[in-house]
Amino acid sequence: MNKQKIVVFTGAGISVESGIETYRGDTGLWHQHDIRDVCHPEGWHKDPQKVLEFYNQRRKEVAKASPNAAHLAIAQLESQYDVTVITQNVDDLHERAGSSKILHLHGEVTKVRSDLPSDYHLYDIGYDAVNIGQRCESGLQLRPHIVWFAEEPFFMEESIQLFAEADKILVVGTSLQVQPAASLILFAHSAQDRYIIDPSPMTPPKKFDHLRGNASDIVPRLVNSWLSL
Ligand SMILES: NC(=O)c1ccc[n+]([C@@H]2O[C@H](COP(=O)([O-])OP(=O)(O)OC[C@H]3O[C@@H](n4cnc5c(N)ncnc54)[C@H](O)[C@@H]3O)[C@@H](O)[C@H]2O)c1
């Protein structure tokens, strides 16, 4: 029998209990940094070392963090379901929790690439720092493999298809403010079960049930109920 398809769509909130803050929360990074300086091609052209330092710091944070109960529960779903994690996060906590199909819409902090968009070289850097003067094999400066504001997310076509075909959709820890990623939920055409897990009050998207609470508390409970169906 074919396994049911689940799409898990995650945002910064799922990693909060692992010690990685959201950017736009009350104490988030956007209160300390101007987005245009560190998360926009303009900032990269103006002061690339500043941008590299910002992501060097993010890599250190990710290195110190561990997957929490929500990341681990999502990985367990694979024992009974065909699961794809579509994440806006740039950390590697879904990988370290054991999920096997992960699409990073906004890139990965553990990777770097050449700073020209066409035919770029991509490298795993792990949690190491990158500095000015570190170049790809074609001699171009390396930049973080991150989708900045004004850049196109990765895997959008594939994600639209996955949303459209999913039997169950679980959205965790996203304010659904970052476009075009947030618009993916509009393509949930056939899913019978649609949940959004987030501690903040919200009007959930149409046909979604809002389970209000922290990811590490609510996700394992929902996963257990799906595994016992
Ligand atoms: N860990 C990361 O990789 C990371 C961290 C910060 C920001 N980002 C980037 O910034 C963008 C921010 O957009 P976003 O929508 O993902 O985040 P967001 O900051 O806009 O929203 C985060 C959401 O998480 C919720 N939240 C807070 N604590 C939570 C918890 N314990 N459990 C569940 N939910 C919780 C908040 O209520 C909020 O709705 C992302 O697209 C991503 O590229 C990534």
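Residues numbered from 1 in each chain as written. Predicted model: local features only at pLDDT ≥ 70, side-chain atom pairs only at ≥ 80, totals over all residues. Heavy atoms only, no water.

(A) Main features of the overall build of the protein chain. A tally of regular secondary structure across the protein chain gives 7 helices and 9 strands. Taken over C-alpha atoms, the radius of gyration comes to 18 Å for the protein chain, in line with the 17 Å a tight globule of 229 residues would show. With the principal axes as the frame, the protein chain shows a C-alpha extent of 55 × 40 × 30 Å. Residue pairs at least 24 apart in sequence account for 64% of intrachain contacts in the protein chain once pairs closer than 6 positions are excluded. Of the accessible surface of the protein chain, which amounts to about 11300 Å², a share of 50% is contributed by carbon and sulfur atoms. Between the centroid of the 22 positive side chains of the protein chain and the centroid of its 30 negative side chains there is a distance of 3 Å. (Helix = DSSP H or I, 4+ residues; strand = E, 2+ residues; numbered from the N terminus. Rg over C-alpha atoms; globule rule 2.2 N^0.38 Å. Contact = heavy atoms within 4.5 Å. Areas by Shrake-Rupley, 256 points an atom, 1.4 Å probe, with all protein chains shown as cover. Lys, Arg positive; Asp, Glu negative; His and termini not counted. Charge placed at Lys NZ, Arg CZ, Asp CG, Glu CD.)

(B) View of the UniProt feature "domain: Deacetylase sirtuin-type" (unreviewed entry) in the protein chain. The sites that UniProt annotates as "domain: Deacetylase sirtuin-type" (unreviewed entry) are residues 1-229. The span residues 1-229 shows a helical share of 28% and a strand share of 19%, and its end C-alpha atoms are spaced 15 Å apart. (UniProt positions renumbered as here; feature names shortened; annotations may be inferred.)

(C) Here's a closer look at the sheet that holds strand β8 (residues 193-197). Strand order in this open sheet of 6 strands is β3-β2-β1-β7-β8-β9, and the pairing throughout is parallel. Of all strands in the sheet, those bounded by a partner on one side alone are β3 (102-104) and β9 (209-211). Strand-to-strand twist of the sheet, defined as the mean angle between neighbouring strand axes without regard to direction, takes the value 20 degrees. (Pairing = 2+ DSSP bridges. Axes fitted to C-alpha atoms, helices over the stretch in contact; angles between N-to-C directions.)

(D) Quick peek at the packing of aromatic side chains. Tallying each qualifying case throughout the model produces 5 aromatic pairs. Ring centres of Phe9 and Phe163 lie 5.6 Å apart, and the angle between their planes is 80 degrees; on these two criteria the pair is classed as edge-to-face. Of the two residues, Phe9 is situated in strand β1 (residues 5-10) and Phe163 in helix α6 (residues 156-165); the sequence distance between them amounts to 154 residues. The buried category is assigned to Phe9, whose relative accessible area is 0%. In this structure, Arg58 is placed above the aromatic ring of Phe54, and the distance from its NZ or CZ to the ring centre is 4.5 Å. (Phe/Tyr/Trp six-rings, centres within 6.5 Å; stacked < 30°, edge-to-face > 60°. Buried < 20%, exposed > 50% of the residue type's maximum accessible area, 1.4 Å probe, protein only. Lys NZ or Arg CZ within 6 Å of the ring centre and 35° of its normal.)

(E) Fine view of the domain arrangement of the protein chain. Taken domain by domain, the protein chain consists of domain 1 (1-20 + 67-106 + 154-229) and domain 2 (21-64 + 111-146). Contact residues are listed per partner, giving 14 residues for domain 1 and 12 residues for domain 2. Note on domain 1 versus domain 2: buried area summed over both sides is about 980 Å², and carbon and sulfur give 58% of it. For domain 1, the biggest contributors to the area lost against domain 2 are Ile20, Arg96 and Phe154; these three give 43% of the whole. At the junction of domain 1 with domain 2, the criterion picks out 0 salt bridges. Taken together, the connections running from domain 1 to domain 2 amount to 3 residue pairs in polar contact (both at pLDDT 80 or more). Classifying every residue of the side of domain 1 that touches domain 2 gives 6 nonpolar, 5 polar and 3 charged. (Domains from an automatic or database assignment. Buried area = accessible area lost by both parts, 1.4 Å probe. Salt bridge = Lys/Arg side-chain N within 4 Å of Asp/Glu carboxyl O. Polar contact = N/O pair within 3.5 Å; in protein donor to acceptor, adjacent residues only side chain to side chain. Nonpolar A, V, L, I, M, F, W, Y, C, P; charged D, E, K, R; others polar.)

(F) How the structure looks around unusual backbone geometry. With an omega of 5 degrees, the peptide bond running from Gln179 to Pro180 counts as cis. One can find Pro180 in the loop between β7 (168-172) and β8. A positive phi is found at Ala150, a non-glycine position, where the angle reads about 80 degrees. Note on placement: Ala150 falls in the loop between β6 (142-146) and α6. By relative accessible area, which is 70% here, Ala150 ends up exposed. In the Ramachandran plot, Phe155 falls in the positive-phi region, its phi being about 60 degrees despite a non-glycine side chain. As for its placement among the helices and strands, Phe155 is situated in the loop between β6 and α6.

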